[in-house]
Amino acid sequence: MIRRLLARPTIGQLEIVAVVLAALAGLYSIVTTEQMTARLAVVLIAPAFEAAVPLGARVVAPARLHSARVIAALLLAFYVAFAPIGIDNYLYLPAVATLLVVIVLSNRERWREIRSRGGAGR
């Protein structure tokens, strides 16, 4: 199974990987922070929920899945860019990179659909 994941992961699998990476980064930050408060813990785990937006969109609004992927990547990128001082925001970069790959693959998929629909109508 691991060989199959490494060979050619699907977009859905990459979305799950992004959520796991963001959650692991948040948990690591929670464990290694000296003066942890409940408010700070929510701030540190929030990127995992932001990365999970496309997973929720699959259930709620499948037609808006690409938009949800873009929004999730933007949310995570802005979190990394504007995280409060004292938060190691670089831990979340692998999740951002994974979501950017998801957007590229999603764009390719959308363009294939558009080209196939355009060629069938002629």
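In what follows, the structure referred to is the one given above.
Just so we're clear, the structure is a prediction, and the values are computed from it rather than from any experiment. (Residues numbered from 1 in each chain as written. Predicted model: local features only at pLDDT ≥ 70, side-chain atom pairs only at ≥ 80, totals over all residues. Heavy atoms only, no water.)

### Comments concerning the pattern of salt bridges
Applying the stated criterion across every chain, the model contains two salt bridges. For Glu15, the salt bridge goes to Arg58, with nearest N and O atoms at 3.0 Å. Placement of Glu15 in helix α2 (residues 11-32) and of Arg58 in helix α4 (residues 53-60) is noted, with a sequence separation of 43 residues between them. Given a relative accessible area of 0%, Glu15 falls into the buried group. Taking relative accessible area as the criterion, Arg58 reaches 37% and is therefore assigned partly exposed. Arg69 is the salt-bridge partner of Glu15, the closest N and O atoms lying 2.5 Å from each other. With Glu15 in helix α2 and Arg69 in helix α5 (residues 65-82), this pair connects stretches of sequence that are 54 residues apart. On the accessibility criterion, Arg69 (4% relative accessible area) is buried. (Salt bridge = Lys/Arg side-chain N within 4 Å of Asp/Glu carboxyl O. Helix = DSSP H or I, 4+ residues; strand = E, 2+ residues; numbered from the N terminus. Buried < 20%, exposed > 50% of the residue type's maximum accessible area, 1.4 Å probe, protein only.)

### A short note on the side chain of His66
Mapped onto the secondary structure, His66 falls in helix α5. Take His66: its relative accessible area is 15%, and that puts it in the buried class. A polar contact is formed between the side chain of His66 and the side chain of Arg110, at a distance of 3.2 Å. Ignoring sequence-local partners within four residues, the contact set of His66 consists of Ile103, Ser106, Asn107 and Arg110. (Polar contact = N/O pair within 3.5 Å; in protein donor to acceptor, adjacent residues only side chain to side chain. Contact = heavy atoms within 4.5 Å.)

This is a description of form; function is not addressed.
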